[in-house]
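Observations on the three-dimensional arrangement
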Amino acid sequence: MVRTFDVSEEEMPEVGRRSNEVIEGGYPQIVWEHSHVVVNDEGKVMTYCVYESPDEETVRNHAQELGKHTVDVVHEIAGDVSPSDFPT
């Protein structure tokens, strides 16, 4: 999931805590694996988040309850690779 936030980089730890609270309070079927946080050229905070979820609707509902951001796109991960998967 790629998201654009309406908060500053300094406010992101509170958003992360709130995300965990929302999961614990109503979405136990979601596992937040990790996120990459970036600040784009316009100064907007964006995240690239990996969740385990039974379906897209559930993770979008969590995002809506979290608030303070826009979901830009959701992709299903087909697999993982790393440089060690391609020895020279």
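Up top is the structure.
The rules behind the values
- Residues numbered from 1 in each chain as written.
- Predicted model: local features only at pLDDT ≥ 70, side-chain atom pairs only at ≥ 80, totals over all residues.
- Heavy atoms only, no water.
- Salt bridge = Lys/Arg side-chain N within 4 Å of Asp/Glu carboxyl O.
- Helix = DSSP H or I, 4+ residues; strand = E, 2+ residues; numbered from the N terminus.
- Buried < 20%, exposed > 50% of the residue type's maximum accessible area, 1.4 Å probe, protein only.
- Pairing = 2+ DSSP bridges.
- Axes fitted to C-alpha atoms, helices over the stretch in contact; angles between N-to-C directions.
- Contact = heavy atoms within 4.5 Å.

**Section: the pattern of salt bridges**
Enumeration according to the criterion identifies four salt bridges in this entry. Across the salt bridge formed by Lys-44 and Asp-6, the nearest N and O atoms sit 3.8 Å from each other. In this pair, Lys-44 is assigned in the loop between strand E2 (31–39) and strand E3 (45–52) and Asp-6 in the loop between strand E1 (2–5) and helix H1 (12–26), connecting sequence segments 38 residues apart. On the basis of relative accessible area, Asp-6 is assigned to the exposed category, the value being 53%. One salt bridge in this structure joins Arg-60 and Glu-56, with 2.7 Å as the shortest N-O distance. Remark: Glu-56 and Arg-60 occur in helix H2 (residues 56–66); sequence separation between them is four residues, near one turn of the helix. Since its relative accessible area comes to 34%, Arg-60 is described here as partly exposed. Look at Glu-56 and you get partly exposed, because its relative accessible area is 39%.

**A closer look at the sheet that holds E1**
In spatial order, the strands read E2-E3-E1-E4; together these four strands make up an open sheet with antiparallel pairing. Where the open sheet ends on each side, the last strands, each with one partner, are E2 and strand E4 (69–73). Averaged over all pairs of adjacent strands, the angle between strand axes in this sheet comes to 30°, irrespective of strand direction. Taken together, the eight bridges between E2 and E3 define a ladder with antiparallel strand orientation. Residue pairing across strands places Val-38 opposite Met-46, the latter belonging to E3. Here H2 sits on the sheet and contacts E1, E3 and E4; the angle it forms with E4, its principal contact strand, is near 155°.

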